[in-house]
Amino acid sequence: METKLTIADSMCSLHSQLMSQLTGRIRLYGADCNQTALVLEAIKQTKVDMQVYLGNYVTPDDLTVYQRQRDAIQQALQTYGADNVAGITVGNEFMLNYLTAHSSKDPESTVGQQGAAILKADIDDTKQMIQNLKLSKTIEIGNSDAGSFFSKEVLEDVDYGMSNVHAWFANTTAADAAPWVFKFFDETNVQPASQLPNKPKMYIAETGWPTKSSDAGNANNGGSDASVANLQVFLDNFVCQANQNNVGYFFFEFCDEKWKDDLYGGVEGWWGLFNGDRTLKDLKIPDCSSP
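Keep in mind it's a predicted model, so treat the numbers as computed, not measured.

Visitor: Account for the state of the cysteines, naming residues and giving values.
Guide: Tallied over the full model, the rule gives one disulfide. Paired by a disulfide, Cys240 and Cys288 hold their sulfur atoms 2.2 Å apart. Its S-S torsion of about -100 degrees marks the bond between Cys240 and Cys288 as left-handed, since a negative value means left-handed. Of this pair, Cys240 sits in helix 8 (residues 228-244) while Cys288 sits in the segment after helix 9 (258-264), placing them 48 residues apart in sequence. Classification of Cys240 as partly exposed rests on a relative accessible area of 28%. Under the relative-accessibility criterion, Cys288 is labelled partly exposed at 22%.

The following block contains the structure:
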């Protein structure tokens, strides 16, 4: 199975070894805190067979945020090369955040087109950066967003799209969660992308099930509880079917994250396969080969 991971601490090599037992592919969300170099250095030290989708977390109101991360990615590629880099994802939920900030939900609206223009400029700049590096390996450039918020103009400008698809927020039961994810992803992302001239490859960038809530009010989504048992249900229904059907995905997420709980509360900090101390939760990881 695939999973995503954001690494930015001295335990990076240990995390790399741990994650390599579950997946050969991870994705990053941004490039601040030297995380691109840290991950590539960890792969180098541990010699794990890992491919990484690097990330540049774009904000609409400060171009220097993009530029700072672009330069960090460039430096890391110059230092480590591209052998373990599968792609660079420019923007994560940029359109969702941009549209929400402008009281809109339509990525094809005038507001959406304005946001897409900002994002496309960064995507094109990243393409130029990669072209200038003259790397021996082709690196795909993509974009990630909430499943319903992809811009057609943006998708036409990338090699791949990564869609965040969470059945929990659709108030499904744990038993119905995997079928809901597959149906939503196919109808909302895969089929529309297949109609575009460039036919970008679509991945599920985030999917999973929370295992607890920090408050009672968010412990149930209206269909099922946030629990380890229900995460197991989702794993059993999703992983092998996704692998069998060649659905590219990144499981959300590696471990519980205290900072998310501190900042947002509810279920936000409790989506990990592993606890915050990096011990596996009381789960059985499905044993089926991935494409």
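Visitor: Can you break down a nonpolar patch on the surface residue by residue, with the values?
Guide: Side chains of Trp259, Leu263 and Tyr264 sit close together on the surface and give an oily, nonpolar patch of about 390 Å² of accessible area. With respect to the secondary-structure elements, Tyr264 resides in helix 9.

Visitor: I'd like a description of the nonpolar core, backed by residues and values.
Guide: Note that soluble globular proteins tend to have their nonpolar side chains buried in a common cluster. Grouped together as the largest cluster of nonpolar side chains are 74 residues, with contacts concentrated most on Leu77, Ile88 and Phe238. Here Ile88 is in contact with Leu54, Ile73, Leu77, Thr126, Ile130, Ile139, Glu140, Ile141, Gly142 and Tyr160, once residues within four sequence places are set aside. Listed in part, the seven residues of the second largest apolar core include Tyr53, Met162, Tyr203 and Phe250.

Visitor: Lay out the pairing of strand 4 (residues 140-146) in plain terms, naming residues and giving numbers.
Guide: Summarising burial for strand 4: six of the seven residues are buried, a large majority. Alignment of strand 3 (residues 85-92) against strand 4, held across four bridges, turns out to be parallel. Counterpart to Thr89 in the pairing with strand 4 is Gly142. Pairing between strand 4 and strand 5 (residues 160-164): five bridges, direction parallel. Within strand 5, the residue paired with Ser144 across the bridge is Met162.

Visitor: Break down the environment of Ala205 for me, citing the residues and quoting the values.
Guide: Summarising the element assignment, Ala205 is placed in strand 6 (residues 201-207). On the basis of relative accessible area, Ala205 is assigned to the buried category, the value being 0%. Distance in space between the C-alpha atoms of Ala205 and Thr36 is 18 Å, their sequence separation being 169 residues. When residues no more than four places from it in sequence are discounted, the contact partners of Ala205 are Arg27, Ser144, Met162, Ser163, Asn164 and Phe250.

Visitor: Explain helix 8 to me, using residue names and the numbers behind them.
Guide: With 17 residues, helix 8 extends 24 Å from end C-alpha to end C-alpha; this agrees with the ideal 24 Å at 1.5 Å per step. Of all the bends in helix 8, the largest measures some 25 degrees and sits at Leu235. Inspection of helix 8 places Asn230, Leu231, Gln232, Phe234, Leu235, Phe238, Val239, Ala242 and Asn243 among the buried residues, and these make up the whole buried set. Along its buried surface, helix 8 packs onto helix 7 (174-194), strand 6 and strand 7 (249-251). One or two steps after helix 8, the chain reaches Asn246, where phi turns positive at roughly 60 degrees.

Visitor: Summarise the sheet that holds strand 5; cite the residues concerned and give the values.
Guide: Spatially, seven strands are ordered 1-2-3-4-5-6-7 in an open sheet, and the strand pairing comes out parallel. Of all strands in the sheet, those bounded by a partner on one side alone are strand 1 (25-27) and strand 7. Here the strands of the sheet are splayed against their neighbours by 20 degrees on average, with no regard to which way each runs. Helix 3 (residues 63-80) rests against strand 2 (51-56) and strand 3 of the sheet, and its axis sits at about 150 degrees to strand 2. Contacts between helix 5 (residues 110-133) and the sheet are confined to strand 3 and strand 4, with strand 3 contributing the most and set at about 155 degrees to the helix.

Visitor: A description of the packing of aromatic side chains should follow, citing residues and the corresponding values.
Guide: For the structure on display, the rule yields 15 aromatic pairs. Look at Tyr160 and Tyr203: their rings are 6.0 Å apart centre to centre, the planes differ by 85 degrees, and that puts the pair in the edge-to-face class. You can see Tyr160 sitting in strand 5 and its partner Tyr203 sitting in strand 6, a full 43 residues away along the chain. Between Trp180 and Phe184, the ring centres sit 5.0 Å apart and the planes meet at 15 degrees, which makes this aromatic pair stacked. Of this pair, Trp180 and Phe184 are both found in helix 7, four residues apart, which corresponds to roughly one turn of the helix. The class of Trp180 is partly exposed, set by a relative accessible area of 27%. The exposure class assigned to Phe184 is buried, which follows from its relative accessible area of 18%. Feature note: the residues Phe182, Phe234, Phe238, Tyr249 and Phe251 constitute an aromatic cluster, connected by ring pairs. Here Arg27 stacks its cationic end above the ring of Tyr29, 4.1 Å away from the centre of that ring. Residue placement shows Lys201 over the ring face of Tyr203; its charged tip is 5.6 Å from the ring centre.

Conventions and cut-offs
- Once a new chain begins, its residue numbering starts again from 1 and follows that chain's sequence as written.
- Local features in this predicted model are restricted to residues of pLDDT 70 or higher, and side-chain atom pairs are both shown and tallied only at a pLDDT of 80 or more, whereas totals for entire chains, interfaces and linings draw on every residue.
- Remark: hydrogens and water are excluded; side-chain values derive from all non-hydrogen atoms of the structure.
- Our working definition of a disulfide is a cysteine sulfur pair at a distance within 2.5 Å.
- Think of it this way: any DSSP run of H or I at least four residues long counts as a helix, any run of E at least two long counts as a strand, and we number them from the N terminus.
- The classification of residues rests on relative accessible area computed with a 1.4 Å probe and restricted to protein chains. Under 20% of the type maximum is buried, over 50% is exposed, and intermediate values are partly exposed.
- Here, patches come from residues exposed beyond 30% relative accessible area and free of salt bridges, joined within 9 Å for like charges and within 5 Å for nonpolar side chains (Val, Leu, Ile, Met, Phe, Trp, Tyr).
- Computed by Shrake-Rupley with a 1.4 Å probe, the accessible areas treat only the displayed protein chains as cover when residues are assessed.
- Every case where a carboxyl oxygen of Asp or Glu lies within 4 Å of a side-chain nitrogen of Lys or Arg is listed as a salt bridge.
- Residues belong to one nonpolar core when they are buried, are Ala, Val, Leu, Ile, Met, Phe, Trp, Tyr or Cys, and are joined through side-chain atoms within 4.5 Å.
- Contacts between residues were defined by any pair of non-hydrogen atoms, one from each residue, lying within 4.5 Å.
- Any two strands with at least two DSSP-identified bridges between them are counted as paired.
- What a helix is expected to span follows from its residue count: subtract one and scale by 1.5 Å.
- Fitting axes to the seven residues that end at a residue and to the seven that start at it, the angle between those axes gives the bend at that residue.
- Axis lines are fitted through C-alpha atoms, for helices just across the contact stretch, and the angle between N-to-C directions can take any value from 0 to 180 degrees.
- In this scheme Phe, Tyr and Trp rings, the latter by its six-membered ring, pair at centre separations within 6.5 Å, and the angle between planes marks the pair as stacked below 30 degrees, edge-to-face above 60, and tilted otherwise.
- We call a charge positioned over a ring when the NZ of a Lys or the CZ of an Arg lies within 6 Å of the ring centre and within 35 degrees of the ring normal.

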